Amino acid sequence: MATAKATAPTFTYSGKNRGGQKVDGEISAATPAMAKAKLRGQGITVSKLQKKSKPITLFGGGAKKITSEDITVFTRQMATMMKAGVPLVQAFEIVAEGLENKSMAKLVNDMKEEVSAGGNFASALRAHPKQFDDLFCSLVESGEQAGALETMLDRVAIYKEKNESVKKKVRKAVKYPITILIIAGIVTAILLIKVVPVFANMFASFGADLPLPTQVVMNISNAVTENGIYILAVIVIITFSYQQAHQRSLKFRQNMQRITLKLPVFGDIIRISSIARYARTLSTTFAAGVPLVEALDSAAGASGNIVFETAIYNIRNEVTSGSELAVSMKAEGVFPAMLIQMVSIGEQAGALDEMLAKAAAIYEEEVDTQVDGLTSMMEPMIMAFLGVVVGGLIVSMYLPIFQMGSVVS
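Here we summarise the structure given alongside this text. Residue numbers restart at each chain and count upward from 1, following the sequence in its written direction. Thresholds applied to this predicted model are a pLDDT of at least 70 for local features of residues and 80 or more for the giving and counting of side-chain atom pairs; totals over whole chains, interfaces and linings are not thresholded and use all residues. By convention in this description, side-chain values take in all heavy atoms of the structure and omit both hydrogens and water.

## Here's the deal with the packing of aromatic side chains
Thinking step 1. Think of it this way: a Phe, Tyr or Trp ring, Trp meaning its six-membered ring, pairs with another when their centres are within 6.5 Å, and the plane angle makes it stacked under 30 degrees, edge-to-face over 60, tilted otherwise. Considering all chains together, one arrives at 7 aromatic pairs under this definition.
Thinking step 2. Geometrically, the ring pair formed by phenylalanine 92 and phenylalanine 121 is edge-to-face, given 5.3 Å between the ring centres and 90° between the ring planes. One end of the pair, phenylalanine 92, is in helix α4 (residues 88-98); the other, phenylalanine 121, is in helix α6 (residues 121-126), and 29 residues separate them in sequence.
Thinking step 3. For every residue, the accessible area (1.4 Å probe, protein chains only) is compared with the maximum for its type, and the residue is labelled buried under 20%, exposed over 50%, or partly exposed between those bounds. You can call phenylalanine 92 buried: its relative accessible area is 0%.
Thinking step 4. Ring centres 5.4 Å apart and planes at 70° place the aromatic pair phenylalanine 199 and tyrosine 398 in the edge-to-face group. Here phenylalanine 199, found in helix α8 (residues 149-204), pairs with tyrosine 398, found in helix α16 (residues 352-408); they are 199 residues apart in sequence, far enough to count as distant. Under the scheme used here, helices are H or I runs from DSSP no shorter than 4 residues and strands are E runs no shorter than 2 residues, and both carry numbers assigned from the N terminus.

Structure follows, in structure tokens:
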């Protein structure tokens, strides 16, 4: 318990004890409500309660951000503990002790405190909406109510792992070429700023006309050298503006999501990944006993793209009015025929969740295949690009020397 209290938030309070005397002090608790409950147990009537501010820590002393991968690992570990018959509170303790991310460990300890005080798992999750969305909380709540928390946690863990896997593959497909291009840009900039001017000084003493490729490279080098600060400033401003627009503007994010679907190769990977997430989310929620309309709500939010999100909400409205799921999906025109057929078979056979799970596995495998294919295709293209850019710069610088050699001979 000492570890949990140390990581729980600290509140300062003022109030009166049973004798009517004024008291004040500090108390550790996961939430303000729990702090008041603890104080009432001590016979203190609280008149003022506020969270104690933490001191500002400089030079990188801040807490590490909790990522979706941290949540996925936590879910799997809790599912394993519950399957092994470990009590819920003890499972929180064991998981928290093994976490390297201190912010995540604190979050787990906070939830343990709330459950220890009489709350349930779902309510502890709902106290942290940034880390646990409505879908996660609803599934855990339904598992608790049905007395099958370990089974539901295992299902949620599989769902999170599959989604995380798809996201990683998409990020891999996007990051690989971007990283190589950035490296190519840095190498090119170094050549233009440091290497080309050395050759330019040497060529100035020749007094002869330089080949056109050499003149072009030297002009580019002069422009980069003289305006390097301004070019760098423009790049930084564009990057910062994009990040801010992406974070603050919903419309900008939605427009970018529409554009990404139209990109060659990358658009197909993003489209298939959205379809895979839709099928996986719908399968998991429907299998957990969530009504289809509510399951579609969850699937819309998990699709990750405004085009599919809009289509799924339209499907939900059609299903609400009595239409079959497969018919509604076909009318939207964004889902592949194979998925629609599998959904139709699942509806007719009364095994919609199983068919959706099979469809999700198919499209997740397709994402994996597409990413591997893109990587194998991009590698020779990127190598060729680097060879043309870097090799072209070097050859351009040596052309005058080659010409001089041919004249001498």
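## Brief notes about a nonpolar patch on the surface
Thinking step 1. The grouping of Val174, Ile178, Ile182, Ile186 and Ile190 at the surface amounts to a nonpolar patch, some 430 Å² of accessible area in total.
Thinking step 2. Among the structural elements, isoleucine 182 can be located in helix α8. Distance thresholds for patches are 9 Å for like charges and 5 Å for nonpolar side chains (Val, Leu, Ile, Met, Phe, Trp, Tyr), applied to residues having over 30% relative accessible area and no salt bridge. Shrake-Rupley sampling with a 1.4 Å probe provides the accessible areas, and residues are treated as covered by the protein chains on show and by no other component. By salt bridge we mean one thing: a side-chain nitrogen of Lys or Arg within 4 Å of a carboxyl oxygen of Asp or Glu.

## Section: the sheet that holds strand β2 (residues 22-28)
Thinking step 1. If DSSP finds at least two bridges between two strands, the strands pair. Strand order across the open sheet formed by 3 strands is β2-β1-β3, with antiparallel pairing between neighbours. Sheet topology places β2 and β3 (45-51) at the edges, where each strand pairs with a single neighbour. If you compare each strand with its neighbour and ignore which way they point, the axes differ by 20° on average.
Thinking step 2. Looking at chain direction, strand β1 (residues 10-16) and β3 are connected through 6 bridges and run antiparallel. The residue of β3 that forms the bridge with serine 14 is lysine 48. Only the contacting stretch of a helix is used when fitting its axis, a line to C-alpha atoms as for every element, and angles between N-to-C directions run 0 to 180 degrees.

## What about the layout of surface pockets?
Thinking step 1. As a volume, the largest pocket reaches approximately 1900 Å³.
Thinking step 2. A cavity here means a set of 1 Å grid points, computed over protein atoms only, where a 1.4 Å probe fits but cannot escape. A pocket is an open set with protein on both sides within 12 Å along at least 5 of 7 lines, and lining residues have an atom within 4 Å of a point. Around the largest pocket sit 49 residues that line it, and Lys167, His246, Gln257, Arg277 and Gly304 are the ones nearest its centre. Grid points are joined across faces, edges and corners, and a volume is the space filled by probe spheres set on the points.

## Focus on the pattern of salt bridges
Thinking step 1. In the structure shown here, the tally under the stated rule is 10 salt bridges.
Thinking step 2. Between lysine 168 and glutamate 69 there is a salt bridge; the shortest N-O distance is 3.3 Å. Of this pair, lysine 168 sits in helix α8 while glutamate 69 sits in helix α3 (residues 68-83); the two residues are 99 residues apart in sequence, bridging distant segments of the chain.
Thinking step 3. Lysine 168 sits in the partly exposed class, given a relative accessible area of 40%.
Thinking step 4. Residue classification places glutamate 69 among the partly exposed residues on the basis of a relative accessible area of 39%.
Thinking step 5. The residue aspartate 297 makes a salt bridge to arginine 316 at a minimum N-O spacing of 2.6 Å.

## Here we look at the environment of aspartate 297
Thinking step 1. Looking at the secondary structure, you find aspartate 297 in helix α12 (residues 292-302).
Thinking step 2. Contacts are assigned to residue pairs with any non-hydrogen atoms lying within 4.5 Å of each other. Other than its neighbours up to four places away in sequence, aspartate 297 contacts Tyr313 and Arg316.

## Quick notes on the packing of α8 against helix α9 (residues 212-248)
Thinking step 1. Taken N-terminus to C-terminus, the directions of α8 and α9 make an angle of 125°; their axes are 9 Å apart at the nearest point. With respect to α9, the element α8 is oriented oblique. The two elements α8 and α9 cross, and the hand of that crossing is left-handed. On α9, the residues that touch Leu192, Ile193, Val196, Pro197, Ala200 and Phe203 of α8 are Thr214, Val217, Met218, Ile220, Ser221, Val224 and Thr225.
Thinking step 2. Looking at the contact of α8 with α9 residue by residue, the class counts come to 10 nonpolar, 3 polar and no charged. Angles below 35 degrees are treated as roughly parallel, those above 145 as roughly antiparallel, those between 65 and 115 as roughly perpendicular, and all remaining angles as oblique. Crossings are classed by handedness, with left-handed meaning an anticlockwise turn of the near helix from the far one by less than a right angle and right-handed meaning a clockwise turn. We call Asp, Glu, Lys and Arg charged. Ala, Val, Leu, Ile, Met, Phe, Trp, Tyr, Cys and Pro are nonpolar, and the rest, Gly among them, are polar.

## Some remarks on the side chain of threonine 284
Thinking step 1. Among the structural elements, threonine 284 can be located in helix α11 (residues 266-287).
Thinking step 2. The buried category is assigned to threonine 284, whose relative accessible area is 7%.

## A look at the environment of phenylalanine 335
Thinking step 1. Structurally, phenylalanine 335 can be placed in the loop between α14 (325-332) and α15 (337-349).
Thinking step 2. Residue classification places phenylalanine 335 among the buried positions, given a relative accessible area of 7%.
Thinking step 3. As a C-alpha pair, phenylalanine 335 and phenylalanine 308 span 27 residues in sequence and 8.7 Å in three-dimensional space.
Thinking step 4. Setting aside residues no more than four positions away along its own chain, phenylalanine 335 makes contact with Tyr278, Phe308, Ala311, Ile312, Ile315, Met329 and Ile340.

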